[in-house]
Amino acid sequence: MEDDKAERGGTGRQLIGSLAAAALIVALAIWAVTAKLGPTSIAEREGAEERAEEAEEAKEEAREDAEEAREDSGRNRRRGGRN
Amino acid sequence: MEDFLFGLTRGNVSEVKIVLATVVALLAAYQVGLMAVGYGRLRLPFLKPVPASRAHRAIGDSIVAVTVTVAILCVGYFGFEDDAAVHILLACALLAVLGFKVMVVRRLPGLGHLLPALGITVFLLFWATWLSAAAEHLF
């Protein structure tokens, strides 16, 4: 009877220990992942990247427009010179 | 639904999903270890098969609850996007195999001999599903 009691106690302790190890895994996973992700949310980061890309595209477009305008004015000047 | 999930996670649906998915992927690995002890394949001086099997069952119940939560977040907020076809396929397979495993444990003891194979399949599907979505934000 004493042996049974001791075995039950051992089993209970081992069960609690296994569950505590699982809790530790959960805590470590949450800590590691949140540390890796950082304070800025993924949606915010993606939004910022998208805005930066759009700004870059707009800048590129403006540069192309300016170049085109410069070429047009040069052509007009040459044509004007010939006349 | 989308607004509800957005509010519930304070706008961090992806982050919550990644944290929960990583937790269940790691617990799935721990579960394999517990069942190796439970089936007597792995002998440890500090853990006997019976408490290992009981812990496996308790942690498994928690894993199912968290997995269903992740699935709701995923489908409710992101829906079925074409560029996530592999992830969706893996997740559906995972839910199907996990559901079948739970059925075998609770209602179909005659198919108990399938449990080790089902367990390994569930473990692999957990990691494949995690690798197909959460991993890209962490590495």
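Residues numbered from 1 in each chain as written. Chains lettered and ligands numbered in written order. Predicted model: local features only at pLDDT ≥ 70, side-chain atom pairs only at ≥ 80, totals over all residues. Heavy atoms only, no water.

Participant: Before we go on, may I ask you to explain the overall build of chain A in this structure?
Facilitator: What chain A contains, in helices and strands, is two helices and zero strands. With 83 residues in all, chain A has 13% of them scored as buried. Only carbon and sulfur atoms are counted for the fraction: they give 52% of the accessible area of chain A, which is about 6900 Å². (Helix = DSSP H or I, 4+ residues; strand = E, 2+ residues; numbered from the N terminus. Buried < 20%, exposed > 50% of the residue type's maximum accessible area, 1.4 Å probe, protein only. Areas by Shrake-Rupley, 256 points an atom, 1.4 Å probe, with all protein chains shown as cover.)

Participant: Explain the interface of chain B and chain A here, please?
Facilitator: If you look at the interface, chain B gives 22 residues, while chain A gives 19 residues. Counting the surface lost from both chain B and chain A, the interface buries some 1700 Å², and carbon and sulfur atoms represent 78% of this. Among the residues chain B hides against chain A, the three largest losses belong to E15, Y30 and L138 of chain B. Together they make up 27% of the total. When residues of the side of chain B that touches chain A are traced back to their parent elements, those giving at least two are α2 (13-38), α3 (49-78) and α6 (135-138) of chain B. At ten residues, the largest contribution of residues to the side of chain B that touches chain A is made by α2 of chain B. Residues of the side of chain B that touches chain A, tallied by class, amount to 15 nonpolar, four polar and three charged. (Contact = heavy atoms within 4.5 Å. Buried area = accessible area lost by both parts, 1.4 Å probe. Nonpolar A, V, L, I, M, F, W, Y, C, P; charged D, E, K, R; others polar.)

Participant: Would you explain the pattern of salt bridges in this entry?
Facilitator: Side-chain pairs of opposite charge can arise where the charged atoms are in close proximity. Residue and element names in this part refer to chain A. Inspection of every chain in the model, using the stated rule, returns two salt bridges over all chains. E60 serves as the salt-bridge partner of R63, at 3.3 Å between the closest nitrogen and oxygen. Taken together, the residues span about one helical turn, with R63 and E60 both in helix α2 (residues 42-82) at a distance of three residues. (Salt bridge = Lys/Arg side-chain N within 4 Å of Asp/Glu carboxyl O.)

Participant: Can you walk me through the packing of α2 of chain B against helix α5 (residues 115-133) of chain B in this structure?
Facilitator: For any two helices packed against each other, one specifies the inter-axial angle together with the distance between the axes. All names here are of chain B. Relative orientation of the contacting elements α2 and α5 amounts to 155°, with a least axis distance of 9 Å. Between α2 and α5, the angle is such that the two are roughly antiparallel. Note on packing geometry: the crossing formed by α2 with α5 is left-handed. Mapping the contact onto sequence places A21, T22, V24, A25, L26, A28, A29 and V32 in α2 and I120, F123, F126, W127 and W130 in α5. A class-by-class count of the residues in the contact of α2 with α5 yields twelve nonpolar, one polar and no charged. (Axes fitted to C-alpha atoms, helices over the stretch in contact; angles between N-to-C directions. Parallel < 35°, antiparallel > 145°, perpendicular 65-115°, else oblique. Left-handed = near helix turned anticlockwise from the far one by under 90°.)

Participant: I keep staring at α2 of chain B and nothing clicks. Help me out?
Facilitator: Since the α-helix packs 3.6 residues into each turn, any two residues three or four apart lie on the same face. Residues and elements named next belong to chain B. Over its 26 residues, α2 runs 36 Å from end to end, which matches the ideal 38 Å to within 8%, given 1.5 Å per residue. Burial analysis of α2 places 19 of its 26 residues in the buried class, which makes it a mostly covered element. After α2 finishes, the residue G40 shows a positive phi value of roughly 80°. (Expected span 1.5 Å × (residues − 1).)

Participant: Help me out: how do you make sense of the side chain of Q31 of chain B in this one?
Facilitator: Here Q31 of chain B lies in helix α2. The exposure class assigned to Q31 of chain B is buried, which follows from its relative accessible area of 7%.

Participant: Sorry if this is basic, but what is going on with the packing of helix α4 (residues 85-106) of chain B against α5 of chain B here?
Facilitator: All names here are of chain B. At a closest axis distance of 9 Å, the pairing of α4 and α5 adopts a crossing angle of 155°. The pairing of α4 with α5 is recorded here as roughly antiparallel in orientation. Pair α4 / α5 crosses with left-handed handedness. When α4 is examined against α5, the residues H87, L90, A91, A93, L94, V97, L98, F100, K101, V104 and V105 are found in contact with a partner set consisting of L115, L118, G119, T121, V122, L125, F126, A128, T129, S132 and A133. Taken together, the residues that form the contact of α4 with α5 break down as 16 nonpolar, five polar and one charged.

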